[in-house]
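Architecture at a glance
In case you want the letters, here they are:
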Amino acid sequence: MSCTGECKVPKNLTSSAQRAAATDDDDAIWASDDEIDTYADLHRAHVTQGYIDGITQAQEAGLQKGFDEGFPYGAALGCRVGRILAKLYGTPEFDEAKKELNVSSVLSKDHFDESLNQQRHSLVERWEAFIQ
């Protein structure tokens, strides 16, 4: 966050004597309402950005973990579907299999439990039995 140009401390004060002369005792102890608002706004902005950064990092970590756990299952399932379609290619049943084994059907929530764990995949198993 950058300065809005309404800073209360003069920019050209370099020596400690100059800084001491510019600040009287009341200003050192009691801040004006404008200074309090500026610091509160700055604090709020930093807290908000920190919260957003934390949430983003946690989501990315969770996403990677979910991918790492789910990829082997998805890849194996994709290979099974690919094998079925390859064996049926050129047959009258190919179009029907291609229609039934689309991504939405194969990855339907009907084939997973509440925790998104693998269950028996009746659709793929039915087509695997058909090609044997």
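Structure first, text after, so check above.
The sections below set out a description of the structure shown in this document. From a predicted model like this one, the values you see are computed outputs, not experimental measurements.

A closer look at the nonpolar core
- The biggest cluster of nonpolar side chains holds 14 residues, and the ones touching the most others in it are L101 and W127.
- Contributing elements (two or more residues each) for this core: α3 (33-88), α4 (94-100) and α6 (122-131).
- Looking at this core element by element, the count peaks at six residues for α3.
- Once residues lying within four places of it in the same chain are set aside, the contact partners of W127 are I84, L88, E93, E96, A97, E100 and L101.

Some remarks on α6
- Turning to α6, its buried residues number three or more, namely L123, V124 and W127. For α6, the angular spread of buried residues about the axis comes to 95°, placing them on one side.

Let's talk about a nonpolar patch on the surface
- Taken together, the side chains of Y51, I52 and I55 define a hydrophobic patch exposed on the protein surface, amounting to about 310 Å² of accessible area.
- Within the secondary structure, I55 is located in helix α3.

Things to note about the pattern of salt bridges
- Under the counting rule described, the total for this entry stands at four salt bridges.
- In this structure, E100 and R126 form a salt bridge, with 2.3 Å as the shortest nitrogen-oxygen distance. Taken as a pair, E100 in helix α4 and R126 in helix α6 lie far apart in primary sequence, 26 residues in all.
- Taking the relative accessible area as the measure of exposure, E100 reaches 24% and is therefore partly exposed.

Rules behind the numbers
- Residues numbered from 1 in each chain as written.
- Predicted model: local features only at pLDDT ≥ 70, side-chain atom pairs only at ≥ 80, totals over all residues.
- Heavy atoms only, no water.
- Core = buried A, V, L, I, M, F, W, Y, C linked by side-chain atoms within 4.5 Å.
- Buried < 20%, exposed > 50% of the residue type's maximum accessible area, 1.4 Å probe, protein only.
- Helix = DSSP H or I, 4+ residues; strand = E, 2+ residues; numbered from the N terminus.
- Contact = heavy atoms within 4.5 Å.
- Arc of directions from axis to C-beta.
- Patch = residues over 30% accessible without salt bridge, like charges linked within 9 Å, V, L, I, M, F, W, Y side chains within 5 Å.
- Areas by Shrake-Rupley, 256 points an atom, 1.4 Å probe, with all protein chains shown as cover.
- Salt bridge = Lys/Arg side-chain N within 4 Å of Asp/Glu carboxyl O.

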